[in-house]
Amino acid sequence: MSIRVCARERVGDARGSLVRALVRVVWVAAIMGTAQSGSAAESDDLRVLHEEIARLRDESAARIHDLEQRIAQIENARVQPQSDPAAPAQASAAPPGERIGLLAGDNRFVLTGWGAAGYSFESAENENTFEATVAPILLFRVSDRVLFEVEPELELGSDGTDVNLEYAQVDVLLNDHATLVAGKFLLPFGDFVQQLHPAWINKLASKPLPFLEGEEGGLLPFSDVGLQLRGGARLSDREGVSFEYTVYVSNGPRFEEPDLGSALVSNNVDFNQGKGFGARFALYPLPLDRELGRLKLGVSTYDGRWGAGDERWFTSWGVDLAYQIGNFDLRSEYLETRREFPGGPDDERNGWYVQAAYKLSTVPIEALRRVELVARYSGLEQAEVAVTPSGEERAQDPRQLAVGVDYWLTPSVAAKLEYDWDKLRAEPDAHGFRAQMAVGF
Amino acid sequence: MRSTILLLSLALAVPVIPALAHGEDAARERKALVRQGAREWGAYCGACHNARPAAERTPQEWDTLMLHMRVRANLPEADARALLEFLKTR
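Residues numbered from 1 in each chain as written. Chains lettered and ligands numbered in written order. Predicted model: local features only at pLDDT ≥ 70, side-chain atom pairs only at ≥ 80, totals over all residues.

*Asks:* Would you mind showing me how to read the overall build of chain A here?
*Replies:* Looking only at helices and strands, one finds five helices and 16 strands in chain A. Long-range pairs, those at least 24 residues apart, make up 55% of the contacts in chain A between residues at least 6 apart in sequence. (Helix = DSSP H or I, 4+ residues; strand = E, 2+ residues; numbered from the N terminus. Contact = placed C-beta atoms within 7 Å.)

And the structure:
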């Protein structure tokens, strides 16, 4: 559309130039005519001016004709349907640079993503603050089998705006059952990180304890850099019965510090020679026509050497479950991690959450039909109590009960209220309150 | 003379009949895909998030978005194709 408008503007400019030139010539002619009336050179000057006008008119007409032809070409290209059966033939005949465009059609670039704004109060951290996050997802379909996708996340931090590249990956569909993924990707472990963490999908404003990010104390990194092979296939002719798999090699785990209880951080540039290895498999056993709901059962693992220059391993495994039927949604995940410490006790941790939600869309009270009620219980445990150099205990084996009310303005816009009750092993109970407006776009 | 015209007409019509049948088959197949996509839309998309209405995006945008979702959710190819056809009906 912008090319067409631009071309039309150029035609308008050309016409404007012609008019301006004619006006100038008329003015000059009038002045000269007044100043030199009766002079012998009058007829010669007028002849020159007439010639100049004729030349300008011819030039402008040629330019306008050329631009109008280009507009017609652009308009014809735009009305060509994407599914035109002649497109592949045109594509094969086109120069390489235009071939992909003809095959893929328009709107190969799509902006999607999510954003959230809210308020958070946590008594334990003495936190009382407004918050905002935005994570645009940019998709570029190179062809029907190649996609580039990137998600930068921008979040307000204590020292300014924190910018984090959540993922930047190229997906190549090798065949119906296998896709090669290269780049930085969300960790294919469990359900929450890959599928549920965007604010408009997560039914609560907070994350479950095992899946907090980085220094917040989660058990796994949110993303890693490497190669994946992933896909899915039906297990029978009946709709809904299928499986999915992911195997990957990556830069592997990296910890903020070499001591017990330290947090995992991004390993964007591998700091050691060891790589990370992971796999995930999930099964969907229920056929849709039985109307028994949608059930997913998954298992995951993520392992790699975490030390620089030695054989100390970080290993992890987890199981996850998701079940939806009608307005009811149930999710649960459990995971264990083990970080080897030669000569000392290993750093063993586990975490879990159970979340249930129910949409009130069928209740007789109209005002409540957009409401969804949510409850989640999550926890973390650490076998060895970690003590920092300052004497602070890191492992508090926290438990958190979070309850929330969501009001869905549209299928992708929710206003959320959440109350958290936190229990820690060696400290008084803590409380939290969150309000959030989440938008998926 | 009349029989010659009849034979000629039949001879001309023969190549057209399979083409018409092929077109009808393609239309029937597409309708079946749309119906399958409509059945799967709530269950597959709703497994993670609220299913987004087809009218939110243009058919061309759905081409790109479904490619993204097929990779993210490891959707079987047959199901991804059905969902795409349904979403493109708007």
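*Asks:* Quick question: what am I supposed to make of the overall build of chain B here?
*Replies:* For chain B, the count of helices and strands is four helices and zero strands. Across chain B, helices and strands are ordered from the amino to the carboxyl terminus as α-α-α-α. Here chain B, with 90 residues, has 29% of them falling under the buried criterion. Considering only contacts in chain B between residues 6 or more positions apart, those separated by 24 or more positions represent 72%. (Buried ≥ 20, exposed ≤ 12 C-beta atoms within 10 Å, placed from the backbone.)

*Asks:* Would you mind showing me how to read the environment of S250 of chain A here?
*Replies:* Residues and elements named next belong to chain A. By the secondary structure assignment, S250 is in strand β7 (residues 242-250). Distance from S250 to G379, taken between C-alpha atoms, is 28 Å for residues 129 residues apart in sequence. Not counting the four nearest positions on each side in its chain, S250 is found in contact with D224, V225, G226, K275, G276 and G278.

*Asks:* Is there a simple way to explain the packing of helix α3 (residues 59-72) of chain B against helix α4 (residues 77-88) of chain B in this structure?
*Replies:* Two numbers describe a pair of packed helices, the interaxial angle and the distance between the axes. All names here are of chain B. Closest axis-to-axis distance for the α3/α4 pair is 10 Å, and the angle between their directions is 155 degrees. Between α3 and α4, the crossing angle belongs to the class labelled roughly antiparallel. Both α3 and α4 take part in a crossing whose hand is right-handed. Across the interface between the two elements, P59, W62, M66 and R70 from α3 touch A80, L83, L84, L87 and K88 from α4. Of the residues in the contact of α3 with α4, the class split is seven nonpolar, no polar and two charged. (Axes fitted to C-alpha atoms, helices over the stretch in contact; angles between N-to-C directions. Parallel < 35°, antiparallel > 145°, perpendicular 65-115°, else oblique. Left-handed = near helix turned anticlockwise from the far one by under 90°. Nonpolar A, V, L, I, M, F, W, Y, C, P; charged D, E, K, R; others polar.)

*Asks:* Could you clarify how one ought to interpret the interface of chain B and chain A in this entry?
*Replies:* Size of an interface: often given as the accessible area lost when the parts come together. Contacts between the two partners involve 27 residues from chain B, matched on the other side by 35 residues from chain A. Breaking the side of chain B that touches chain A down by element, the ones donating at least two residues are α2 (16-45), α3 and α4 of chain B. Among the elements that take part in the side of chain B that touches chain A, α3 of chain B stands out by supplying nine residues, more than any other. Among the residues forming the side of chain B that touches chain A, the class breakdown is eleven nonpolar, nine polar and seven charged.

*Asks:* Hey, could you run me through the confidence of the model for chain B in this one?
*Replies:* Low pLDDT means the predicted atomic positions in that stretch should not be read closely. Residues of chain B with pLDDT of at least 70 account for 76%, and the chain-wide mean is 86. As a predicted assembly, this complex carries a pTM of 0.75 together with an ipTM value of 0.79. (pLDDT = per-residue confidence, 0-100.)

*Asks:* Help me understand the nonpolar core in this model?
*Replies:* Nonpolar side chains in soluble globular proteins tend to be buried together. By size, the foremost hydrophobic cluster in this structure holds 21 residues, and its most contacted members are M66, L83, L84 and L87 of chain B. Broken down by secondary-structure element, the contributors of at least two residues to this core are β2 (127-143) and β5 (178-186) of chain A together with α2, α3 and α4 of chain B. No other element matches α4 of chain B, which puts six residues into this core. In this structure, L87 of chain B is in contact with G37, A54, W62 and M66 of chain B, ignoring residues within four places of it in sequence. Listed in part, the 13 residues of the second largest apolar core include F192, V193, L219 and L335 of chain A. (Core = buried A, V, L, I, M, F, W, Y, C linked by C-beta atoms within 7 Å.)

*Asks:* Please explain α4 of chain B as it appears in this structure.
*Replies:* It helps to recall that an α-helix has 3.6 residues per turn; residues three or four apart then point in one direction. Residue and element names in this part refer to chain B. In this model α4 runs 16 Å from its N-terminal to its C-terminal C-alpha over twelve residues, within 8% of the 16 Å that 1.5 Å per residue would give. Among all positions in α4, only D79, A80, A82, L83, L84, E85, F86 and L87 are buried. Phi for R90, located one or two positions after α4, is positive at around 50 degrees. (Expected span 1.5 Å × (residues − 1).)

*Asks:* Sorry, what's going on with the pairing of strand β6 (residues 223-234) of chain A here?
*Replies:* Two faces belong to every sheet, and in a regular strand the side chains alternate between them. Residue and element names in this part refer to chain A. Two elements, β5 and β6, share eight bridges in a ladder whose sense is antiparallel. Following the sheet pairing, K184 is matched in β6 by V225. Looking at chain direction, β6 and β7 are connected through nine bridges and run antiparallel. If you follow G226 over to β7, its bridge partner there is S250. (Pairing = 2+ DSSP bridges.)

*Asks:* In this structure, what is going on with the pairing of strand β8 (residues 276-284) of chain A? I would like to understand it.
*Replies:* All names here are of chain A. A one-sided burial pattern is seen for β8, the buried positions being G276, G278, R280, A282 and Y284 and the unburied ones F277, A279, F281 and L283. Alignment of β7 against β8, held across nine bridges, turns out to be antiparallel. In the sheet register, Y245 faces β8, and the bridge partner there is F281. Where β8 and strand β9 (residues 294-305) come together, eight bridges link them in antiparallel fashion. Counted as the bridge partner of A279 is T301 from β9.

*Asks:* Can you walk me through unusual backbone geometry in this structure?
*Replies:* Most peptide bonds take the trans form, and the phi angle of most residues other than glycine is negative. Residue and element names in this part refer to chain A. Its identity as a non-glycine residue notwithstanding, E291 has a phi of 55 degrees, on the positive side. With respect to the helices and strands, the residue E291 is situated in the loop between β8 and β9. The class for E291 is exposed, based on 10 C-beta atoms found within 10 Å.

*Asks:* Could you clarify how one ought to interpret the environment of S332 of chain A in this entry?
*Replies:* Residue and element names in this part refer to chain A. Topologically, S332 is positioned in strand β11 (residues 328-339). Looking at S332, the number of C-beta atoms within 10 Å reads 19, which means it is partly exposed. When residues no more than four places from it in sequence are discounted, the contact partners of S332 are D320, L321, Y353 and V354.

*Asks:* Sorry, what's going on with the confidence of the model for chain A here?
*Replies:* Per-residue confidence for chain A averages 84 on the pLDDT scale, and 79% of its residues sit at or above 70. Low pLDDT, under 50, characterises residues 1-7 of chain A; the predicted model gives this stretch eight contacts beyond four residues in sequence or across chains.

*Asks:* Quick question: what am I supposed to make of α3 of chain B here?
*Replies:* With 14 residues, α3 of chain B ought to run about 20 Å at 1.5 Å a step, and its terminal C-alpha atoms sit 20 Å apart, in line with that. What α3 of chain B keeps buried is the set E61, W62, D63, T64, L65, M66, L67, R70 and V71 of chain B. Contacts made by the buried residues of α3 of chain B are with β1 (109-122), β2, β3 (146-157), β4 (160-175) and β5 of chain A together with α4 of chain B. Backbone geometry just downstream of α3 of chain B places N74 of chain B in the positive-phi region, at approximately 50 degrees.

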